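Architecture and fold: a report
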Amino acid sequence: MCIRDRNTGSRTWPKELRLHNIAGLNSNDKIQVPELTPGASHKVTMSFENPQKIGEYASVCRLGYMKGEGVEFIGPEITLTFEVVEEKREELRPSFPKEVEDRAARFASIFPHFDLPKILPIVSANMSKPDDEIAELLLDLS
């Protein structure tokens, strides 16, 4: 995910500034941010592990730098939201030459209880055989 940081303040950002992921996915990550003069911006790329379950997720980030034993945060929290949805895959159908598709379509009209994708590979593998032998093979499947 890419986000753009912009220095909207009146001072240049410190050299040791980091974008801290303080809560949510991949919390405790820290990404170096360059010194930015007022008005300047920079694109930050963050990687997140994909959750395994469908749902909504959030991660909270904030700019900060080390100060003494702790972190001095500047600016507001940045909340990044994610939605994991079910992957929809189109069923891939192998392609067959037109003469195989035409011949299989004829058999599909004779054997309406078989759908064309089921008939196509059988017809393709047996193109050298006469129709009655292919019909026997299809009858053996039912």
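Just above, that's the structure.
Scope of this entry: the structure provided in the associated data block.

Each value, and the rule that gives it
- Residues numbered from 1 in each chain as written.
- Predicted model: local features only at pLDDT ≥ 70, side-chain atom pairs only at ≥ 80, totals over all residues.
- Heavy atoms only, no water.
- Axes fitted to C-alpha atoms, helices over the stretch in contact; angles between N-to-C directions.
- Helix = DSSP H or I, 4+ residues; strand = E, 2+ residues; numbered from the N terminus.
- Parallel < 35°, antiparallel > 145°, perpendicular 65-115°, else oblique.
- Left-handed = near helix turned anticlockwise from the far one by under 90°.
- Contact = heavy atoms within 4.5 Å.
- Pairing = 2+ DSSP bridges.
- Salt bridge = Lys/Arg side-chain N within 4 Å of Asp/Glu carboxyl O.
- Buried < 20%, exposed > 50% of the residue type's maximum accessible area, 1.4 Å probe, protein only.
- Core = buried A, V, L, I, M, F, W, Y, C linked by side-chain atoms within 4.5 Å.
- Patch = residues over 30% accessible without salt bridge, like charges linked within 9 Å, V, L, I, M, F, W, Y side chains within 5 Å.
- Areas by Shrake-Rupley, 256 points an atom, 1.4 Å probe, with all protein chains shown as cover.
- Lys, Arg positive; Asp, Glu negative; His and termini not counted.
- Charge placed at Lys NZ, Arg CZ, Asp CG, Glu CD.

**Comments concerning the packing of helix α1 (residues 98–110) against helix α2 (residues 116–125)**
- At a minimum axis separation of 9 Å, α1 and α2 run at an interaxial angle of 125°. Judged by the inter-axis angle, α1 sits oblique to α2. Regarding α1 and α2, the two cross each other, and that crossing is right-handed. In this structure, α1 contributes Val 100, Glu 101, Arg 103, Ala 104, Ala 105, Phe 107 and Ala 108 to the contact, and α2 contributes Leu 116, Ile 119, Leu 120, Val 123 and Ser 124.

**As for the sheet that holds strand β2 (residues 18–24)**
- Taken together, the four strands give an open sheet; going across it, the order is β3-β2-β5-β6, and neighbouring strands pair in antiparallel fashion. Strands at the two margins of the open sheet, each flanked by one partner only, are β3 (30–32) and β6 (70–84). Taking each pair of neighbouring strands and ignoring which way they run, the sheet shows an average axis angle of 25°.

**Quick notes on the pairing of β2**
- The sheet contact formed by β2 and β3 spans three bridges and is antiparallel. Within β3, the residue paired with Arg 18 across the bridge is Gln 32.
- Bridge count for β2 against strand β5 (residues 55–67) is six bridges, and the pairing is antiparallel. Looking at β5, one finds that His 20 is bridged to Arg 62.

**So, the pattern of salt bridges**
- Enumeration according to the criterion identifies three salt bridges in this entry.
- With a shortest N-O distance of 3.0 Å, Lys 98 and Asp 102 are connected by a salt bridge. With Lys 98 and Asp 102 both in helix α1 and four residues apart, the pair spans about one turn of that helix.
- Note on Asp 102: relative accessible area 36%, which makes it partly exposed.
- Arg 103 is paired through a salt bridge with Asp 131; the nearest N and O atoms lie 2.7 Å apart.

**Here's the deal with the nonpolar core**
- One finds Leu 19, Val 33, Met 46 and Leu 80 to be the most contacted residues of the largest nonpolar core, which totals 15 residues.
- Listing elements by their share of this core, those giving two or more residues are β5 and β6.
- When residues in this core are grouped by element, the largest group, three residues, is from β5.
- Residues contacting Leu 19, with those up to four places away along its chain left out, are Ile 3, Asp 29, Lys 30, Ile 31, Val 33, Val 44, Met 46, Cys 61, Arg 62, Leu 63 and Ile 78.
- Within the second largest apolar cluster, 14 residues are counted, among which are Phe 96, Phe 111, Ile 119 and Val 123.

**Quick notes on a nonpolar patch on the surface**
- Taken together, the side chains of Ile 22, Met 66, Val 71 and Phe 73 present a nonpolar region at the surface, about 310 Å² in accessible area.
- By the element assignment, Met 66 lies in strand β5.

**Details of a negative patch on the surface**
- A surface patch of negative charge is lined by Asp 132, Glu 133, Glu 136 and Asp 140.
- Here Glu 133 falls in the partly exposed class, since its relative accessible area comes to 39%.

**Structural notes on the side chain of Arg 103**
- Relative to the elements of secondary structure, Arg 103 occurs in helix α1.
- Overall, Arg 103 belongs to the buried group, its relative accessible area being 10%.
- Among all residues touching Arg 103, those that are not within four sequence positions of it are Val 123, Asn 126, Met 127, Lys 129, Pro 130, Asp 131 and Ile 134.

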